[in-house]
Amino acid sequence: MKFVYKILLWTIIIMAAAFGLSGYLFVNSVFETSLEREVSQAMDDSSILRFAFETAALNIPTKYNVLQDTAVEQIGSRLESSGQGSGRFLRLSNEEKKVLFVSNGFPEDTALLQQITEDTRIWQVIPLGEHYYIHTGIMVNALDRNMYLETLEDVTEVFEERTLGFSVYRQVTLAMLLCSSVIMFLICTWLTKPIRLLTHATRKMAGGDYSYRARQISSDELGQLTMDFNSMANELEATIGELREEVRAREDFIAAFAHELKTPLTAIIGYADLLRSRKLDEEKHFLSANYIYTEGKRLENMSFRLLDIIVTKRDTIERQPVAAKSLFDYLKSMFSGNTEQKLRISFGKGTVYAEGNLLKSVLLNLVDNACKASSEGGLVEVYGKRRENAYAFCVKDYGVGIPEEELKKVTEAFYMVDKSRSRSKNGAGLGLALCVEILRLHESELHIESKVGEGTIISFEIPDRQEEEPGRAEENRQNTEGGRKAESAREEEGSRKEECRRETEVAGKEERDRKTENGRTAQEGERKGGIDEAEKENGRTEQGGKEAEPDEFKEMGQT
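Residues numbered from 1 in each chain as written. Predicted model: local features only at pLDDT ≥ 70, side-chain atom pairs only at ≥ 80, totals over all residues. Heavy atoms only, no water.

A. Up close: helix H9 (residues 356-373). Spanning 18 residues, H9 covers 26 Å between terminal C-alpha atoms, matching the ideal 26 Å at 1.5 Å per step. Along H9, the residues that are buried comprise Gly356, Leu358, Leu359, Val362, Leu363, Asn365, Leu366, Val367, Ala370, Cys371 and Ala373. You can read the cap of H9 off the contacts: a side-chain oxygen lies 3.1 Å from the backbone nitrogen of Asn357, and it is on Glu355. (Helix = DSSP H or I, 4+ residues; strand = E, 2+ residues; numbered from the N terminus. Expected span 1.5 Å × (residues − 1). Buried < 20%, exposed > 50% of the residue type's maximum accessible area, 1.4 Å probe, protein only. Polar contact = N/O pair within 3.5 Å; in protein donor to acceptor, adjacent residues only side chain to side chain.)

B. Just the sheet that holds strand S4 (residues 131-142), in detail. Pairing is antiparallel across the open sheet formed by 5 strands, whose spatial order is S2-S1-S5-S4-S3. Where the open sheet ends on each side, the last strands, each with one partner, are strand S2 (99-102) and strand S3 (121-128). Sheet twist, expressed as the average angle between the axes of neighbouring strands with direction ignored, equals 20°. Where S3 lies against S4, 8 bridges are found, and the strand directions are antiparallel. Among the inter-strand pairings, Arg121 is bridged to a residue of S4, identified as Ile138. Strands in contact with helix H1 (residues 3-59) are strand S1 (88-93), S3, S4 and strand S5 (145-154); relative to S4, the strand with the most contacts, it is inclined by about 35°. (Pairing = 2+ DSSP bridges. Axes fitted to C-alpha atoms, helices over the stretch in contact; angles between N-to-C directions. Contact = heavy atoms within 4.5 Å.)

C. Spotlight on helix H2 (residues 69-82). Between its first and last C-alpha atoms H2 spans 20 Å; for 14 residues at 1.5 Å apiece the expected length is 20 Å, and the two agree. Taken together, the buried residues of H2 touch H1, S1, S2 and S5.

D. Here's a closer look at unusual backbone geometry. In this structure, Lys97 takes a positive phi of about 60° despite not being glycine. Within the secondary structure, Lys97 is located in the loop between S1 and S2. You will see that Glu443, though not glycine, has its phi angle at about 60°, which is positive. Structurally, the position occupied by Glu443 is in the loop between helix H11 (431-441) and strand S11 (447-451). Taking relative accessible area as the criterion, Glu443 reaches 65% and is therefore assigned exposed.

E. The pattern of salt bridges, seen in detail. Within the structure shown, the criterion is met by 10 salt bridges. Here Glu150 and Arg91 are joined by a salt bridge, their closest N and O atoms 2.8 Å apart. Residue Glu150 is found in strand S5, and its partner Arg91 is found in strand S1; the two are separated by 59 residues along the sequence. Given a relative accessible area of 3%, Arg91 falls into the buried group. For Glu245, the salt bridge is made with Arg248, and the minimal N-O distance between the two is 2.4 Å. Of this pair, Glu245 and Arg248 both sit in helix H6 (residues 221-277), 3 residues apart, which is roughly one turn of the helix. Assessed through its relative accessible area of 25%, Arg248 is described here as partly exposed. (Salt bridge = Lys/Arg side-chain N within 4 Å of Asp/Glu carboxyl O.)

F. Broad picture of the packing of H1 against H2. H2 packs onto H1 with a crossing angle of 135° between their chain directions and a minimal axis gap of 10 Å. One finds that H1 runs oblique with respect to H2. In this structure, H1 meets H2 at a crossing whose hand is right-handed. Contacts between H1 and H2 involve Leu49, Ala52, Phe53, Ala56 and Ala57 from the first element and Val72, Ile75 and Leu79 from the second. (Parallel < 35°, antiparallel > 145°, perpendicular 65-115°, else oblique. Left-handed = near helix turned anticlockwise from the far one by under 90°.)

G. Geometry of a nonpolar patch on the surface. Together, Met1, Tyr5, Leu9, Trp10, Ile13, Ile14, Val182, Phe185 and Leu186 make up a nonpolar patch on the protein surface, roughly 960 Å² of accessible area in all. Considering every element that reaches the nonpolar patch, the biggest residue donor is H1, with 5 residues. Note that Val182 resides in helix H4 (residues 156-191). Looking at Val182, the relative accessible area reads 48%, which means it is partly exposed. (Patch = residues over 30% accessible without salt bridge, like charges linked within 9 Å, V, L, I, M, F, W, Y side chains within 5 Å. Areas by Shrake-Rupley, 256 points an atom, 1.4 Å probe, with all protein chains shown as cover.)

H. Quick peek at the sheet that holds strand S10 (residues 390-397). Strand order in this open sheet of 5 strands is S7-S9-S10-S12-S11, and the pairing throughout is mixed. Single-partner strands in this sheet number two, and they are strand S7 (342-347) and S11. Ignoring strand direction, the axes of neighbouring strands in this sheet form an average angle of 10°. In the sheet, strand S9 (residues 379-386) pairs with S10 via 7 bridges, with the strands oriented antiparallel. From the neighbouring strand, Val382 faces S10, where its bridge partner is Val395. Together, S7, S9 and S10 form the strand contacts of helix H8 (residues 324-334), whose direction differs from that of S7 by roughly 175°. Across the face of the sheet, H9 comes into contact with S7, S9, S10 and strand S12 (455-463) while running at roughly 20° to S10.

This is the structure:
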């Protein structure tokens, strides 16, 4: 049964009970009042008849001053005739309670007669057929004789009025219940409308429409319930959206990971089979072996990156003060052999509160991505600046840029805007994902601004360390003990990766030397020029540190 019908049914039951009880009490109260009035009237009439009997007995001639039975009959006949048309009946009895006179129609029951005593007046209501009478009894003293006078007064009208009152009240009650039911149905329908709207909303959401919201039509408790329901629906929709996005990201991750494994493995297997099945000359043999070595190193690098991401997601860090100069000096040393792009570094003095090795990994990845996105001879700028409560970093390139619709996806693992370009430069799409996790540990995040064909600006701020409560120092040291071990492992892995990278560069250089000596000579000259120019830029930076900052970096703290 619907809730509105339950409310309506119980309302009708309660109203019917209330009307019935109140009607019974009202009609019965009126009846009792009328009956008391009739009883009082009957008792008064009985007293009058006694007085009339005693007066008549004194006026009748008597023998030996004794009232004869015949005289009693005469007096009773006169009293009866005086009350004709009033519906009154009489019965007179002697001292032995033997009936001397009785009106026609008077009942033969003598139970009331036996109860009459001196100085008492007795009455009772008795039914006779379809009529009701008040039966009264009283003692009469006439000429030293004690006699008993009984009367019957017709009060049928009082009972008929009671019956009529009940009948009328039932009809009125039924009419009121009918009208009240209609009104209560409308009221219940109006009161339960928010519940129906909530029910409709839940069915919509159960059917998959998580954007549907219940309409709020009141400001009472049900209106508050609707607001809370819509708030819950908003959170649910956001959570489901996040779950769907997470599922999509996982599927993309698995697909990308499988593809990234398939491509180098296919090449490794093909070249290995070529070396195994055929006898090649020295140059082709070296090229095949070098390709196998390069692809293997790329797989190893990808594995290390994945390991770094997993470690940073589960690890805690202990932030220590690190001189900003040491971070930028590390970048200079790491890219000192890069002759394809110009690297400009400018920074202000200051201390960065961070885990040094992790922050170096972030800067290394960002600058490496900027170099990969830049054309040969392109400029990559790195800036650092001390702010009020943080140290800000900015990496800017003038390369191919990132489409606006791709900006939210570039930090996902294995996601690459230009896959062919990234693979040609040994990229796996894991650098920015690692940076995001590292900055999360430092309570920071990446801010990416990019335009296709104009370049990209990536910035972030490392907030200063807050003062810790003395009681929590030991707890923090315990929490970061495992982090130190992981940091040592990452440092060792970073050294191995750098060694592998340098070996790959050496192998590639030897391969190019084998192809053409003249081209190598020309390229050597160009590289020297690039190195000299880069050293000049770096020299200017180290001397003054006053290179003009780009407008984007000035606004970075306001982004």
